[in-house]
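# Report on the structure
Here's the letter readout for the chains.
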Amino acid sequence: MGDRRILILYGSQTGTAQDVAEKFAREAKRRLLSTRVMPLDDYTVVNLLNEELVLFVCATTGQGDPPDNMKMFWKFIMRKNLPNNSLMKMKFAVLGLGDSSYQKFNFIAKKLYKRLVQLGAEGLQSVGLADDQHDLGADAVIYPWMRDLWQNVLSLYPLPPGQEIIPADVKPPPRYKVEINPAEDRVLGVSSSESNGISQYGKDCPFHAPLISNERLTSDDHWQDVRLIRLDVRGSGIKYDPGDVVMIQPQNSEDSVQEFLTMMKLDPQQIFTLQQNDPNIPLPSQLPQPCSVHHLVQHYLDINSVPRRSFFEFMALFSTNELEKEKLQEFCTPEGQEELYSYCNRVKRSILEVLQDFPHTSSWLPFEYLFDVIPQLQPRAFSIASSQVVHPDEIQILMAVVEYKTRLQKPRRGVCSTWLSRLKVAERPVVPLWVKKGTIVFPKEAVTPVIMVGPGTGVAPFRSFIQERSTAPSSRNILFFGCRNWDKDFLCKEEWESAVNKGYLELYTAFSRDQEEKVYVHHVMSDKGALLWKLLEEEKAWFFIAGNAKQMPDDVKSALHNIIQQHGHMTSAEADSCIHRLEQTRRFQAETWS
């Protein structure tokens, strides 16, 4: 193929960018391009000097941070001493995957595009800014952007004479070769880790922490089930600070696993091994070799996730039933996007349910293609809600059990929270986990006052910090906590009351449903405006927000803006500049999630 080569690099936190990058790789191979696809941090970054055609697919995490698997690349590419003509050979495109409900929408993709141009690379087209908040989801941007990309690529690298694009209805080879083993072969267990510190634990090698307790904090008659879960990390060598995050690798519920196995006519005891089918695609390190079908479905395949468009494209390839094939193909057309979004995303229909809706196609889906069709079950992040100074052998989390209704008959349930909520201490379960740095960092100096706004489970990182500060004399710790009712979902109420009585916490609460007019944390903040301004201006306090990204962070920031404007006697623009300075010096930080 000569120089008809494309390198596809992705930075992915939840697997979406990886899924999109792999879709691009399949499309590149259809156009007879020699294709490599890998996470950014798996690529030797100095080799970019010699690359001629590169596609970057990048998510943005936290408050404008790069995903974990592109942090090293990001550090390197942002070095100020790189010559401005470093990447003169390169033509590139950048696709960003983001959510416009976050303030730093697609920040990483935008900044990467500018940086590559600074280093002399030539952009093939403008940066793609996919948005989960779009009426039709991220695909509304991805697919038109991808169409333009291939037009630009083929104008630079035309197909070899006499060759044509491989038709879309030709099946690509499966990601892995699957070898079915004799039934007597033994399944290797998940390897356990030696205890020499945090650095060795990760997605490929988690620490298996025994469950200490699983306590419901909300009243039994409250609509939301919130748990305080305590996990034993004794002997692990794991270290963490307030603001750090624990990653937990969930598993599918046994009832959904059995449903999937029955529908797909799979033997749960069947043993198989995997072999590489493409030298550029490594084997999944999270699966034991050999592996049972039951282990694969319970621990690896994300059968309860909402399928992406690429799922339907694969299903259409295998369908032999005329009616089903027609509907699947329709879902893959630009005209079918609204119907696909209504069928899938709007009601959060799962892969398992879609497979059940297309029984003829499901029955023809070869086992070896499950690794292409169904994404990998991803870890979930939780703010650590305990201090290691107070609880040296524990990690504690505050977790809302996700359950809600759509117009589908069965309620929607979060895979991880449902699994964790059902764990019973008597059965001695273990939870695979590892720790990573969070997006918020608390001040080290005990004399620095800290203002914390954490409604609901957003209070988790502040519980960690308040516990830590309770062990030594410190400055003022001010917590604004909000929930619906004083007697139903006031999380850790006794703990806060004790901290107030001992003098190391000032607590201000908002119970939105305990009176006729709804009262939220930003209303209570406004009432305490003079105090907050004095703390920020005279005592150089730090200000933190944590919680749900829907409306709360914007309301809190707006209330803070008004407080600064009113009590600091500033114009609106001056108050904006003041908040910007607080952000630049890390005195204003937010950790939000959707």
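First, a word on what this report is: a plain description of the structure on this page.

Parameters and conventions
- Residues numbered from 1 in each chain as written.
- Predicted model: local features only at pLDDT ≥ 70, side-chain atom pairs only at ≥ 80, totals over all residues.
- Heavy atoms only, no water.
- Helix = DSSP H or I, 4+ residues; strand = E, 2+ residues; numbered from the N terminus.
- Rg over C-alpha atoms; globule rule 2.2 N^0.38 Å.
- Buried < 20%, exposed > 50% of the residue type's maximum accessible area, 1.4 Å probe, protein only.
- Contact = heavy atoms within 4.5 Å.
- Core = buried A, V, L, I, M, F, W, Y, C linked by side-chain atoms within 4.5 Å.
- Phe/Tyr/Trp six-rings, centres within 6.5 Å; stacked < 30°, edge-to-face > 60°.
- Pairing = 2+ DSSP bridges.
- Right-handed = clockwise from strand over helix to strand, strands pointing away.
- Expected span 1.5 Å × (residues − 1).
- Axes fitted to C-alpha atoms, helices over the stretch in contact; angles between N-to-C directions.
- Parallel < 35°, antiparallel > 145°, perpendicular 65-115°, else oblique.
- Nonpolar A, V, L, I, M, F, W, Y, C, P; charged D, E, K, R; others polar.
- Polar contact = N/O pair within 3.5 Å; in protein donor to acceptor, adjacent residues only side chain to side chain.

## Some details on the overall build of the protein
- Of the regular secondary structure elements, the protein holds 19 helices and 22 strands.
- For the protein, the C-alpha radius of gyration of 26 Å lies close to 25 Å, the compact-globule estimate for 594 residues.
- In the protein, which comprises 594 residues, the share counted as buried stands at 53%.
- Taking as baseline every contact in the protein between residues at least 6 positions apart, the subset at least 24 positions apart corresponds to 77%.

## Topic: the nonpolar core
- In this structure, F260, L296, L301, F312, L355 and L370 are the most contacted members of the largest nonpolar core, which totals 43 residues.
- Within the residue set of this core, elements represented by two or more residues are helix 5 (254-263), strand 11 (271-276), helix 6 (293-299), helix 7 (309-318), helix 8 (322-331), helix 9 (337-343), helix 10 (351-357) and helix 12 (370-373).
- Here the element with the most residues in this core is helix 7; it accounts for 7 residues.
- Excluding anything up to four places from it in sequence, F312 contacts P307, L328, F331, C332, L340, Y343, C344 and V354.

## Comments concerning the packing of aromatic side chains
- Taken as a whole and assessed by the stated rule, the structure comprises 24 aromatic pairs.
- For the ring pair F312 and Y343, a centre distance of 6.5 Å and an interplane angle of 70° mean the geometry is edge-to-face. With F312 in helix 7 and Y343 in helix 9, the pair connects residues that are 31 residues apart, well separated along the chain. Of the two residues, F312 and Y343, neither departs from the other in class, the shared state being buried.
- Taking 6.4 Å as the distance between ring centres and 80° as the angle between the ring planes, the aromatic pair formed by F367 and F371 counts as edge-to-face. Taken as a pair, F367 and F371 share a single burial class, namely buried.
- In textbook terms, an aromatic cluster arises when at least three aromatic residues are bridged by ring pairs, as seen for Y176, F272, Y300, F367 and F371.

## Focus on the pairing of strand 20 (residues 506-511)
- As defined by bridge partners, strand 19 (residues 477-483) adjoins strand 20 across 6 bridges and the pair is classed as parallel. Looking across to strand 20, one finds that I478 is bridged to E506.
- Following the backbone out of strand 19, through helix 15 (residues 493-502) and into the adjacent parallel strand 20, one traces a crossover that is right-handed.

## Some details on helix 1 (residues 16-30)
- Along its 15 residues, helix 1 runs 22 Å from first to last C-alpha, staying within 8% of the 21 Å computed at 1.5 Å per residue.
- Where burial is concerned, most of helix 1 is hidden: 11 out of the 15 residues are buried.
- Of all the positions in helix 1, only A17, D19, V20, A21, E22, K23, F24, A25, E27, A28 and R30 are classed as buried.
- The inward-facing, buried residues of helix 1 contact strand 1 (5-11), strand 2 (34-39), strand 3 (53-59), strand 4 (91-98), helix 4 (139-156) and helix 7.
- Note on helix 1: the residue one or two positions beyond its end, L32, has a positive phi of about 65°.

## Some details on unusual backbone geometry
- Going from Q289 to P290, the amide bond is cis rather than trans, its omega being -5°.
- Tracing the backbone shows P290 in the loop between strand 11 and strand 12 (291-292).
- Unusually for a residue other than glycine, K348 sits at a positive phi of about 55°.
- With respect to the helices, strands and loops of the structure, K348 is situated in the loop between helix 9 and helix 10.
- A relative accessible area of 37% places K348 in the partly exposed class.
- Not every positive phi belongs to a glycine, and R586 is a case in point at roughly 65°.

## Considering the packing of helix 17 (residues 529-537) against helix 18 (residues 552-567)
- Viewed as axis vectors pointing N to C, helix 17 and helix 18 meet at an angle of 80°, and their least axial separation amounts to 9 Å. One element, helix 17, and the other, helix 18, form an angle in the roughly perpendicular class. On helix 18, the residues that touch G529, A530, L532, W533 and L536 of helix 17 are L560, I563, I564 and H567.
- Of the residues that constitute the contact of helix 17 with helix 18, the class distribution is 7 nonpolar, 2 polar and no charged.

## Looking at the sheet that holds strand 19
- Overall, parallel pairing links the 5 strands, which are arranged 20-19-18-21-22 in an open sheet. Each of the sheet's edge strands pairs with one partner strand only, and the pair in question is strand 20 and strand 22 (588-593). Sheet twist, expressed as the average angle between the axes of neighbouring strands with direction ignored, equals 10°.
- As paired elements, strand 18 (residues 450-453) and strand 19 share 4 bridges and run parallel to each other.

## Section: the environment of E583
- Its location among the elements puts E583 in helix 19 (residues 572-584).
- By relative accessible area, which is 28% here, E583 ends up partly exposed.
- As for E583 and W542, which are separated by 41 residues in sequence, their C-alpha atoms are 9.8 Å apart.
- The residues touching E583, leaving out its near neighbours within four places in the chain, are K557 and F588.
- In this structure the side chain of E583 is engaged in a polar contact, spanning 2.9 Å, whose partner is the side chain of K557.

## Observations regarding the pairing of strand 11
- Pairing analysis gives 5 bridges linking strand 7 (residues 176-180) to strand 11, with the strands arranged antiparallel. Bridge assignment links I180 to a residue of strand 11, and that residue is F272.
- By the bridge criterion, 2 bridges tie strand 11 to strand 12 in an arrangement that is antiparallel. Considered in strand 12, the bridge of I271 is made with S292.

## Structural notes on the environment of Q566
- In this structure, Q566 sits in helix 18.
- Judged by relative accessible area, Q566 falls into the exposed class, the value being 55%.
- Residues Q566 and W533, 33 residues apart in the sequence, show an inter-C-alpha distance of 9.2 Å.

The values reported here are purely geometric and, on their own, carry no functional implication.
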